[in-house]
Each structure stands twice: as structure tokens, then as C-alpha cells.
Amino acid sequence: MSVRAVRGAVQVDVDEREEVLARTRDLVAEVISANELSLDDFISVIFTSTADLVSEFPAVAARELGMGDVPLMCARELEIEGSMPRVIRLMAHVETTRTRAQVRHVYLNGAQALRRDIAQ
């Protein structure tokens, strides 16, 4: 087993609590599926969100998916002029047998434009 970082992002349509939770759940679920992970494989997850998302913490959605014992942290994304609005990003540290090249990074709902080089 190796420790790997998995990246991902999702663009939220509107800053409403249920939308933030739903899109974050989609992102976490797709990271799990794309990388054939179980909840026990997660070491920690860092979430960031853009300044225009204030209705809920993305980590709440991860806890709803069963990550209550995984260390989770939320932070504010840098406010760079011209950056994509309403984006939640994650970086998950996981234990996996996958090589770095085999890790699948997940970008959903418009966020593919952030990293076309690694989006799967």
C-alpha cells in the first residue's frame, strides 16, 4: 500500500445548503468509485471552497457519507481575479495499491475546465 493524494473539484450551481451538500456528495462518491476506494482507505480530506459559497461546510456532506472518523478540514480558496466561481475542491489522502499514474482525479459539473490535463 502507498499513500496517494486524489484531487477533485465540482462547480455548484447556486449557493444553497442542499446544492452544496449534493454536489459535494457527488464529488466524494465519484472519487471513491473512480479509484475503487473504501471509507477505510481515507487518511484525511481537505476541502476548499470559493468565497461565494457560504451556505454550508463541504465536510458535512462527507460526514453524511460515513466519513465521521476521517479527519476533515475546510478552508477558503484563494480569491484570484477571473477564477471560476462557486467551486468546491478536495484533496484526499488515501491508502491504495494504485500508482500515482493510476490515480483518477475527478472534476465534475463544469470544474473540468480547471484541470483538463488531469481530469478524468
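For the structure, see preceding data.
What comes next concerns the included structure. Please read these numbers as outputs of a predicted model, since none were measured by experiment. Numbering of residues begins from 1 in every chain and follows the order in which that chain's sequence is written. Confidence filtering applies because this is a predicted model: local features only for residues at pLDDT of at least 70, side-chain atom pairs given and counted only at 80 or more, and all residues used for totals across whole chains, interfaces and linings. Remark: hydrogens and water are excluded; side-chain values derive from all non-hydrogen atoms of the structure.

**Focus: the pairing of strand β2 (residues 42-49)**
Line of reasoning, step 1. Each residue's exposure class comes from its accessible area (1.4 Å probe, protein chains only) as a fraction of the maximum for that residue type: buried when under 20%, exposed when over 50%, partly exposed otherwise. Strands are runs of DSSP state E lasting at least two residues, helices are runs of H or I lasting at least four, and both sets are numbered from the N terminus onward. Taken across its 8 residues, β2 has 6 buried, putting it largely inside the fold.
Line of reasoning, step 2. Two strands pair if DSSP finds at least two bridges between them. Across 7 bridges, the pairing between β2 and strand β4 (residues 87-96) is antiparallel. Bridge pairing links F42 to V94 in β4.
Line of reasoning, step 3. Of the strand pairs in this sheet, β2 and strand β3 (residues 72-76) are connected by 5 bridges, and their pairing is parallel. In the strand pairing of β3, T48 is matched with A75.
Line of reasoning, step 4. Looking down the strands as they point away from you, a crossover is right-handed if its path from the first strand over the helix to the second goes clockwise. Traced from β2 through helix α2 (residues 58-64) to β3, the parallel crossover comes out right-handed.

**Re the environment of D15**
Line of reasoning, step 1. One can find D15 in the loop between β1 (2-11) and α1 (17-34).
Line of reasoning, step 2. What makes D15 partly exposed here is its relative accessible area of 26%.
Line of reasoning, step 3. Spatially, the C-alpha atom of D15 lies 27 Å from that of L39, the residues being 24 residues apart in sequence.
Line of reasoning, step 4. Within 3.5 Å is the distance limit for a polar contact, defined as a pair of N or O atoms, with the added protein rule that one can donate a hydrogen and the other accept it, and that residues adjacent in sequence qualify only through two side-chain atoms. Side-chain polar atoms of D15 contact the backbone nitrogen of V54, separated by 3.1 Å.
Line of reasoning, step 5. Among the polar contacts made by the side chain of D15, one reaches the side chain of S55 at a distance of 2.7 Å.

**What about the sheet that holds β3?**
Line of reasoning, step 1. Across the sheet, 5 strands lie side by side as β3-β2-β4-β1-β5; this open sheet has mixed pairing. Strands at the two margins of the open sheet, each flanked by one partner only, are β3 and β5 (106-108). On average, each strand axis in the sheet is inclined to that of its neighbour by 15°, with strand direction left out of account.
Line of reasoning, step 2. Sheet strands in contact with α1 are β1, β2, β4 and β5, and its direction is about 145° off that of β5. Simply put, an axis is a line fit to the C-alpha atoms, just over the touching stretch for a helix, and the angle between two N-to-C directions goes from 0 to 180 degrees. Residues count as neighbours in contact if any of their non-hydrogen atoms are within 4.5 Å of one another.

**Concerning the nonpolar core**
Line of reasoning, step 1. Buried residues of nine kinds, namely Ala, Val, Leu, Ile, Met, Phe, Trp, Tyr and Cys, make up a nonpolar core once their side-chain atoms join them within 4.5 Å. Ranked by internal contacts, the top residues of the largest apolar core, which has 24 residues, are V31, F42, V45, F47 and L90.
Line of reasoning, step 2. Ranked by the residues each element gives to this core, the list is headed by α1, at 6 residues.
Line of reasoning, step 3. Beyond its immediate sequence surroundings of up to four residues, F47 is in contact with T24, V28, P58, A59, A62, L72, M73, C74, A75, I88, R89 and L90.
Line of reasoning, step 4. With 5 residues, the next largest nonpolar core counts A9, V87, Y107 and A111 among its residues.

**A few points about unusual backbone geometry**
Line of reasoning, step 1. One non-glycine residue, R86, adopts positive backbone phi at about 55°.
Line of reasoning, step 2. Tracing the chain through its elements places R86 in the loop between β3 and β4.
Line of reasoning, step 3. When its relative accessible area of 26% is taken as the criterion, R86 is described as partly exposed.
Line of reasoning, step 4. Positive phi, close to 55°, is recorded for N109, a residue that is not glycine.
Line of reasoning, step 5. Summarising the element assignment, N109 is placed in the segment after β5.

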